[in-house]
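Examination of the molecular architecture
Below, each chain spelled out in residue letters.
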Amino acid sequence: MAPIDPHSYTDSTHPKTTHISFTFYFDFPSSTILSSALISLSAPFSGDFILDSRSLSISAVLDPATLTPLPFALQPTPDAVLGQSVTITLSNHSQLLVIFKTSPSSSALQWLSPPQTFNKSFPYVYTQCQSIHARSIFPCQDTPAARIKYDAKLNIPRYLSAVMAGKHVNRRDPLFRESQGACDDLLWCGEGRVVEEFVMEQPVPPYLFAFAIGELGFREVGPRTKVYSEAIPDLLDVAAREFAGTEEMIKVGEGLFGPYEWERFDLLVLPPSFPYGGMENPRMVFLTPTVIRGDATGAQVVAHELAHSWTGNLITNKTNDHFWLNEGFTTYAERRIVEAVQGKERAILNCGIGWRGLVKEMERFKDNMEFTKLKTNQQGVDPDDVYSNVPYEKGFQFLWRIERQIGRPAFDEFLRKYIATFKFQSIDTDMFLDFLKANVPGIENHIDLKEWTEGVGIPPDAMEPASDIYSKIVSLANEFKLGRMPNEDEVANWRGQEWELYLENLPKSTEASQVTALDARYRLSESKDYDVKVTFLELAISARCSNYYNEVEKTLKEVGRMKYLRPLYRALVEGTGKDEEKIFAKRVFSEARACYHPIAQGVVEAILTKHV
Ligand code: BES
Ligand code: ZN
């Protein structure tokens, strides 16, 4: 008896779940889902079988063959990070049927009332399961070490539609008479309802389980890509334009990493409260609307989520301690796709922004260097609390270092072999290192693999990227420190990323008068590009430019993407060392809270309580 993952109660001696058949009845008025899950195991099991759950009400566990109840017990006191274990007594069972209900506070689900959506007239609900929130939707072995296939029947109001990380097989009326057994009970209620059916035929880790329900529409943007959003023609049109280059990127990805294994690559643009830039849900990537700026910059986020189709979704980190295997590889792969479609300069700028982000994280974790390692120990730690650039950018740096050592052609061949060897498996850092050493003999004599994967900080052979544009931006930022602002000619070709990099390189100690002067000339506080706007506002907060606090408040109330919430709230509570800003942050949060996804609520609460 031993747990296999610090974030799950899953036991090493238990059979793994291979398949789950779901029925979900979505009750919008109560923000709950009435559910059943028919769980199939890889082998029959006798004894106490353990699943993860969080804030679920389980009404029964049944033997699906006889519908007789099986004894089960819920851990009496939930663990703050892991939630509640469910222990079910099995006797030679290889299947069990769980009847349960989600809670309105399910950490994976955001229920939006009509005013919180773009269309203002219909409710909306969507999931975000990574890293350990799937257990708040259904009881499961919520570890990426367990891969499951599933099918799902979603009973929803007829005026809405559903999308899922799965193949859509049917939209049909509820079948009153034909339903058989307890599994179908939830599909009986037919008045004004419709049933949408999906199937996921490839084994995926539970964190990739995903659906969204709302008044949705779509546009076709490529042979295997539709873009979905709320059914507002203007929104759909700009989204379709923004993501028009998707098929080209899929082809580039296939050329670099091998066949695209998921058949479809659809995109869903969520309401602004979506807490991430993007989430790589298989067959149906979720995206923040903040990437739609009408200038195809959304392509970078799409390149990233697309890259996960190989690194993350095909090869998955075994536990969150090896999260860099997902995000570091994906950041590397993303930049290779960007380089192929947008050119080397764009890719180098991305690396440069990444490098700045990595350097910044070293400061953030200076009292807790554990989280500057690639391979981490997250025992007792909530992954949402330690989410950072480190797995992305230090992971990228490690792979880039290997590329420099062996040359690009050899590294490309290595990557393709790595993906072909481990696809549909969940692996850890040592498995990667063993594979590396076996396929690149002698690599350990040139690169200190242990320092890279187990050491803290940035290794000496990491490299700040270099290009003419990158160096020019950094030197202009240095000149600003001496009082010279870039002139119009120098910034004429700058897009959002150039500005972001420039601002990132300005010192935190910039004077309020300089911040205001820069904005008077270049209107950065009004940028439609949130990456630019938020980086500027962070600087304005550090300089205590209170004339920008209205804009800060507005921003914190209109988007729920944590990439923007984190730095703004952090700048307010840590950046100035003054009570005024802390009180302001608390007030804004109390007013904005209800619009944030539960994960974002938790993250902001952690920032405020640590420091206020
Ligand atoms: N898988 C991540 C998002 C994530 C990570 C969700 C950890 C929950 C826990 C996704 O692929 C991602 O990295 N998104 C980035 C996109 C960016 C790097 C282009 C984001 O949201 O900012
Ligand atoms: Zn990612």
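Residues numbered from 1 in each chain as written. Chains lettered and ligands numbered in written order. Predicted model: local features only at pLDDT ≥ 70, side-chain atom pairs only at ≥ 80, totals over all residues. Heavy atoms only, no water.

Attention now goes to the sheet that holds strand β7 (residues 124-127). With antiparallel pairing, four strands are arranged side by side in an open sheet as β6-β7-β12-β9. The outermost strands of the open sheet, each flanked by one partner alone, are β6 (109-112) and β9 (161-164). Taken over all neighbouring pairs, the strand axes of this sheet differ in orientation by 10 degrees on average, direction set aside. In this sheet, β7 lies alongside β6 in antiparallel orientation, the contact comprising four bridges. Note that in β7 the partner of Trp111 across the bridge is Val125. (Pairing = 2+ DSSP bridges. Helix = DSSP H or I, 4+ residues; strand = E, 2+ residues; numbered from the N terminus. Axes fitted to C-alpha atoms, helices over the stretch in contact; angles between N-to-C directions.)

What the five strands build is an open sheet, ordered β13-β14-β15-β17-β16; its pairing is mixed. Each edge of the open sheet carries a strand with a single partner, namely β13 (216-222) and β16 (278-279). As paired elements, strand β15 (residues 266-269) and strand β17 (residues 284-287) share four bridges and run parallel to each other. Counted as the bridge partner of Asp266 is Met284 from β17. Its contacts with the sheet place helix α1 (residues 233-242) against β13, β14 (225-230) and β15, and it is angled at close to 145 degrees to β14. The sheet strands contacting helix α3 (residues 298-307) are β15, β16 and β17, and the helix crosses β17 at an angle near 140 degrees. (Contact = heavy atoms within 4.5 Å.)

Structurally, the chain comprises domain 1 (17-202), domain 2 (215-309), domain 3 (319-466) and domain 4 (509-611). The centre of domain 2, based on its C-alpha atoms, is set 24 Å off from the matching centre of domain 3. Summed over both sides, the interface of domain 2 with domain 3 buries roughly 1700 Å², with 66% coming from carbon and sulfur. Ranking the residues of domain 2 by area buried against domain 3 places Leu256, Phe257 and His304 at the top, with a combined share of 36%. Here domain 2 is connected to domain 3 by one salt bridge. (Domains from an automatic or database assignment. Buried area = accessible area lost by both parts, 1.4 Å probe. Salt bridge = Lys/Arg side-chain N within 4 Å of Asp/Glu carboxyl O.)

Turning our eyes to something else, we now look at unusual backbone geometry. The omega torsion of the bond from Gln130 to Ser131 falls at 0 degrees, within 30 degrees of zero and hence cis. Structurally, Ser131 can be placed in the loop between β7 and β8 (148-157). With a phi angle near 50 degrees, Arg523 is a residue other than glycine that sits in the positive phi range. Position of Arg523 among the secondary structure elements: in the loop between α13 (512-522) and α14 (530-542). The partly exposed category is assigned to Arg523, whose relative accessible area is 46%. (Buried < 20%, exposed > 50% of the residue type's maximum accessible area, 1.4 Å probe, protein only.)

Ligand 1 sits among 17 residues. The nearest are Gln130, Gly277, Glu280, Glu305 and Tyr392. Contacts to ligand 1 include Gln130, whose side-chain N or O atom sits 2.7 Å from a nitrogen atom. The contact in question runs from an oxygen atom of ligand 1 to an N or O atom on the side chain of Tyr392, over 2.6 Å. Protein burial of ligand 1: of its 520 Å² of free accessible surface, 92% is covered by the chains. Here the shell around ligand 1 gets three residues from one element, more than from any other, and that element is α3. Class assignment of the residues belonging to the shell around ligand 1 gives a composition of six nonpolar, seven polar and four charged. (Near = heavy atom within 4 Å. Polar contact = N/O pair within 3.5 Å; in protein donor to acceptor, adjacent residues only side chain to side chain. Areas by Shrake-Rupley, 256 points an atom, 1.4 Å probe, with all protein chains shown as cover. Nonpolar A, V, L, I, M, F, W, Y, C, P; charged D, E, K, R; others polar.)

Next up on the list: the coordination of the zinc ion (ligand 2). Only His304 (NE2), His308 (NE2), Glu327 (OE) and Glu327 (OE) from the protein reach the zinc ion (ligand 2) as donors, at distances of 1.9 to 2.7 Å. Taken together, the six donor atoms surrounding the zinc ion (ligand 2) define angles of 53 to 159 degrees at the centre, an arrangement classified as irregular. The sequence pattern formed by the donor residues of the zinc ion (ligand 2) is H-x3-H-x18-E. One end of the pair, His308, is in the loop between α3 and β18 (315-317); the other, Glu327, is in helix α4 (residues 323-342), and 19 residues separate them in sequence. With respect to burial, His308 and Glu327 carry one shared label: buried. (Donors = N, O, S within 2.8 Å, 3.2 Å for Na, K, Ca; no water. Tetrahedral: all angles 85-135°; square planar, octahedral: opposite > 155°, others 65-115°.)

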